[in-house]
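Chain by chain, the residues:
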Amino acid sequence: MPLPKRRHSKARGRKRRTHWKLAAPNVTECSHCHQPKLPHRVCPHCGYYNNKEVIPAEASKPAKT
Amino acid sequence: MRHGDKVKKLSRIKSHREAMLANMVISLLTHRMIKTTTSKAKALRPVADRLITFGKKGDLAAKREAYRVLRDHNLVKKLFEEIAPQFASRNGGYTRVLRLGTRLGDGASLSLVELLTAKPVVEKDKKGKKAKIKEEETKKPKEEKAEKTEVSGIIAPEKLAKKE
Ligand SMILES: [Zn+2]
């Protein structure tokens with residue numbers, strides 16, 4: 001069985017973890033309602049996609065599977 | 001290596017997967033659009049395309065092949081007489097998958113799958129818009145009720161303002 005030979009300081013572990021970073025999601029503006037939205041997704045605010053298409057998404061729920 | 005793995009297994013055994021996709025394609029043909037996870041939505045496309053191709057072929061053998069999946073004579077009739085003719089000018093790719101965002105409970109990516117029929121999108125501007133507006137108006141009362149009961153106050157007023 002592998003066993004640690006030396007004590008591992010708090011700083012050593014913390015220094016390694018300085019590279020764990022969160023990236024901010026890439027947010028774009030909806031071309032219809034100008035609210036922030038995620039790219040390549042139907043706008044959650046107005047249900048539009050690519051400027052024109054109306055998706056009666058959240059409100060009039062399409063059949064689930 | 002994932003060479004040659006064409007079938008998305010969706011964490012299911014074959015019989016379970018095929019039953020699920022059959023159920024989904026029945027819903028899709030019945031309702032024209034369905035909401036599901038992105039993985040299932042993408043797995044559904046070839047199943048739907050295959051059935052619509054049977055519909056365009058239109059002979060008895062094709063009807064029986066379609067019935068094997070749909071298990072509903074009325075739906076086979078609808079596929080062959082109403083849905084398939086609308087795809088006469090299109091060779092494959094009869095569906096569209098639009099990503100909606102993530103589900104609250106488990107963070108799964110959700111999508112909308114729709115048949116590229118009826119309800120003209122993009123092309124035929126004026127007629128399409130009128131048709132859409134009419135449909136929206138008919139749906140509105142339901143939407144408002146749902147929103148009021150669920151979220152009341154915060155989101156509802158904005159949405160109402162925008163839709164009108
Ligand atoms: Zn929007």
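Residues numbered from 1 in each chain as written. Chains lettered and ligands numbered in written order. Predicted model: local features only at pLDDT ≥ 70, side-chain atom pairs only at ≥ 80, totals over all residues. Heavy atoms only, no water.

### So, the confidence of the model for chain B
When the pLDDT values of chain B are averaged, the result is 81; 71% of them are 70 or greater. Considering only residues more than four positions removed or in separate chains, one finds that residues 120-164 of chain B, a stretch of pLDDT under 50, has 33 contacts. (pLDDT = per-residue confidence, 0-100. Contact = heavy atoms within 4.5 Å.)

### Quick look at the coordination of the zinc ion
All names here are of chain A. For the zinc ion, the protein coordination sphere consists of C30 (SG), C33 (SG), C43 (SG) and C46 (SG), at 2.2 to 2.3 Å. Considering all 4 donor atoms around the zinc ion, the spread of angles at the metal, 107 to 113°, places the coordination shape in the tetrahedral class. Going along the chain, you hit the donors of the zinc ion in the pattern C-x2-C-x9-C-x2-C. Of the two residues, C30 sits in the loop between β1 (28-29) and β2 (36-37) while C43 sits in the loop between β2 and β3 (48-49), which places them 13 residues apart along the sequence. Assessed through its relative accessible area of 2%, C30 is described here as buried. What makes C43 buried here is its relative accessible area of 2%. (Donors = N, O, S within 2.8 Å, 3.2 Å for Na, K, Ca; no water. Tetrahedral: all angles 85-135°; square planar, octahedral: opposite > 155°, others 65-115°. Helix = DSSP H or I, 4+ residues; strand = E, 2+ residues; numbered from the N terminus. Buried < 20%, exposed > 50% of the residue type's maximum accessible area, 1.4 Å probe, protein only.)

### A few points about the layout of surface pockets
All names here are of chain B. Reported here for the second largest pocket is a volume of approximately 490 Å³. Together, 17 residues line the second largest pocket, and V7, L21, A43, P46 and V47 are the ones closest to its centre. Of all the elements in the fold, those that place two or more residues in the lining of the second largest pocket are α1 (14-31) and α2 (38-57). Among the elements that take part in the lining of the second largest pocket, α2 stands out by supplying 8 residues, more than any other. For the lining of the second largest pocket, the class distribution of residues is 8 nonpolar, 1 polar and 8 charged. (1 Å grid on protein atoms, 1.4 Å probe; cavity = no way out; pocket = protein on both sides within 12 Å on 5 of 7 lines; lining within 4 Å. Points joined across faces, edges and corners; volume = space filled by probe spheres on them. Nonpolar A, V, L, I, M, F, W, Y, C, P; charged D, E, K, R; others polar.)

### Here's the deal with the nonpolar core
It is characteristic of soluble globular proteins that their nonpolar side chains tend to be buried jointly. In terms of nonpolar packing, the biggest core is built from 31 residues, with L29(B), L44(B), L51(B), L70(B) and L79(B) touching the most fellow members. Looking at this core, the elements with two or more residues in it are α1, α2, α3 (60-70), α4 (73-83) and β3 (109-115) of chain B. In terms of residues, this core owes the most to one element, α1(B), which gives 8 residues. Contacts of L70(B), omitting those with residues within four sequence positions, involve V25(B), I26(B), L29(B), L51(B), L75(B), V76(B) and L79(B). V42(A), M33(B), L100(B) and L112(B) belong to the second-largest nonpolar core, a separate cluster that totals 7 residues. (Core = buried A, V, L, I, M, F, W, Y, C linked by side-chain atoms within 4.5 Å.)

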